[in-house]
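# Analysis of the macromolecular model
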Amino acid sequence: MFLSNLNSVLPLFHAGTFLRLVGDCYSHTPRQRDPVAWAAINVVLALASQQILPPADDGTGDRMKQTTEYLNRAQSVISAVMLSETRLLNIQTLVGMVMVLQSAHDPTQPLILIAATLRLAHKIGLQNRATSAHLSFEERRQHAYVFWLAYILDKDLSLRAQQPFIQSDDDIDLDLPDCLPVDHDGNGSTAGLVITADGNARMNYFLARVQLANIEGGVYNCIYSTRAAKYSPEERLAAANSILLAHEKWQAGIPPEFRAAVVITMTKDSTANIGFFCVLHSISLRCLTLINRAHAWDDQWVSGVRDIGRGRGELQLPAKWATLVHQARDFMVLFEQVWSAKIWFRW
């Protein structure tokens, strides 16, 4: 289920390579097994268990317990994952751990792990195309995929925790997921592609997440960074307008069939794909809300709303208020139709 569902949209592993890894790992006795390979397998099992829908008469407790058990097994050898010879597999394993943990209420653990993950990624040059130039087409793609997954996690956790991200965009020299190398026959990868049920529309979900992560980094820089605190009002407005423009451009690139209000009727395998799009549109809405400062954590906005409720003053609505309200309503249509305590909403 992991390889055909989550991994096909957010490609952490090459399916054939991972299946060979499983076969090789279990061909050895437990004492002979590569601890990194064993950790990678348990991380995949943890990710897969998050996606499995329990029976109608069952709760989610057993599934969460199973996910935790797999994750604990992987983390029991985390010193080997971090300190042994750095291979792509080590980084894939750490990225997978962060994927399991990234929606936890306390982001401390995933924040620490993503920092270590990116440092190891830098060690083998995942952020630079020159370091993988000698590899095969498929290996180069996989190196890039793993880096971009780490990039997404870094920016998303940074904004949620209001802490600086690790990866600077200035230090990346890598093709985006839709521009990665093809083989000699001109064949590329279908990783990240989502297609409507009628086959008439498609989009690269993976690319959309990378681009949205870049916007999340911009939102953090504009609102929470130390530099932002020193902005003049004019500089703050210019930075916010720049991010709003980037966000509008990003949204314009989303095909109409995958917009929040209609995507539920358009995609195949609705449980999985709609979960992905619920996450996508919730992040987009969060960025728009934060940059417009129309949320419960903004003192000025809350004070203005409170004054209006008391019959004092006039509320100054954000410039993009109409857009924000419209998109919030569209997202609630999507969320209302697909929300269930049994449905996986992580990535």
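Each value, and the rule that gives it
Residues numbered from 1 in each chain as written. Predicted model: local features only at pLDDT ≥ 70, side-chain atom pairs only at ≥ 80, totals over all residues. Heavy atoms only, no water. Helix = DSSP H or I, 4+ residues; strand = E, 2+ residues; numbered from the N terminus. Buried < 20%, exposed > 50% of the residue type's maximum accessible area, 1.4 Å probe, protein only. Contact = heavy atoms within 4.5 Å. Areas by Shrake-Rupley, 256 points an atom, 1.4 Å probe, with all protein chains shown as cover. Core = buried A, V, L, I, M, F, W, Y, C linked by side-chain atoms within 4.5 Å. Domains from an automatic or database assignment. Phe/Tyr/Trp six-rings, centres within 6.5 Å; stacked < 30°, edge-to-face > 60°. Lys NZ or Arg CZ within 6 Å of the ring centre and 35° of its normal. Expected span 1.5 Å × (residues − 1). Salt bridge = Lys/Arg side-chain N within 4 Å of Asp/Glu carboxyl O. Axes fitted to C-alpha atoms, helices over the stretch in contact; angles between N-to-C directions. Left-handed = near helix turned anticlockwise from the far one by under 90°. Nonpolar A, V, L, I, M, F, W, Y, C, P; charged D, E, K, R; others polar.

The name that an unreviewed UniProt entry assigns to the protein chain is Fungal transcription factor regulatory middle homology region, with the source organism given as Trichoderma arundinaceum.

### Some details on the overall build of the protein chain
Broken down by element type, the protein chain carries 14 helices and two strands. Taken over 347 residues, the protein chain has a buried fraction of 47%. Long-range pairs, those at least 24 residues apart, make up 74% of the contacts in the protein chain between residues at least 6 apart in sequence. Accessible area for the protein chain stands at about 17,200 Å²; split by element, carbon and sulfur atoms hold 53% of it.

### Side note on the nonpolar core
A general tendency of soluble globular proteins is for nonpolar side chains to be buried together. Grouped together as the largest cluster of nonpolar side chains are 98 residues, with contacts concentrated most on Val95, Trp148 and Tyr205. Top element by residues in this core is helix H8 (residues 137-161). It accounts for 13 residues. When we break this core down by domain, the ones giving at least three residues each are domain 1 (1-183) and domain 2 (193-209 + 255-346).

### A look at the packing of aromatic side chains
The geometry of an aromatic ring pair is captured by two quantities: the separation of the ring centres and the angle between the planes. For the coordinates displayed, the defined rule picks out eleven aromatic pairs. Measuring from ring centre to ring centre gives 5.3 Å for Phe147 and Trp148, while their planes differ by 70 degrees; the resulting arrangement is edge-to-face. On the accessibility criterion, Phe147 (0% relative accessible area) is buried. When its relative accessible area of 4% is taken as the criterion, Trp148 is described as buried. Taking the ring centre of Phe165 as reference, the NZ or CZ of Lys155 above it sits at 4.1 Å.

### Quick look at helix H9 (residues 205-223)
Its 19 residues give H9 an end-to-end C-alpha distance of 27 Å, which sits within 8% of 27 Å, the value for a rise of 1.5 Å per residue. Within H9, 16 of the 19 residues are buried, which leaves the element mostly enclosed by the surrounding structure.

### What to know about the pattern of salt bridges
Pairs can form between side chains of opposite charge whenever their charged atoms are close. Applying the stated criterion across every chain, the model contains ten salt bridges. The partner of Arg87 in a salt bridge is Asp34, with the nearest N and O atoms 3.0 Å apart. With Arg87 in the loop between helix H5 (78-83) and helix H6 (88-101) and Asp34 in the loop between helix H2 (15-25) and helix H3 (35-51), the pair connects residues that are 53 residues apart, well separated along the chain. A relative accessible area of 32% means that Arg87 is categorised as partly exposed.

### What to know about the packing of H8 against H9
Running from amino to carboxyl end, H8 crosses H9 at an angle of 35 degrees, the nearest separation of the two axes being 8 Å. Crossing geometry of H8 relative to H9 is assigned as left-handed. In this structure, H8 uses Tyr145, Trp148, Leu149, Tyr151, Ile152, Lys155, Asp156, Ser158 and Leu159 to contact H9, whose residues at the interface are Phe206, Arg209, Val210, Ala213, Asn214, Glu216, Gly217, Val219 and Tyr220. Here the residues of the contact of H8 with H9 sort into eleven nonpolar, three polar and four charged.

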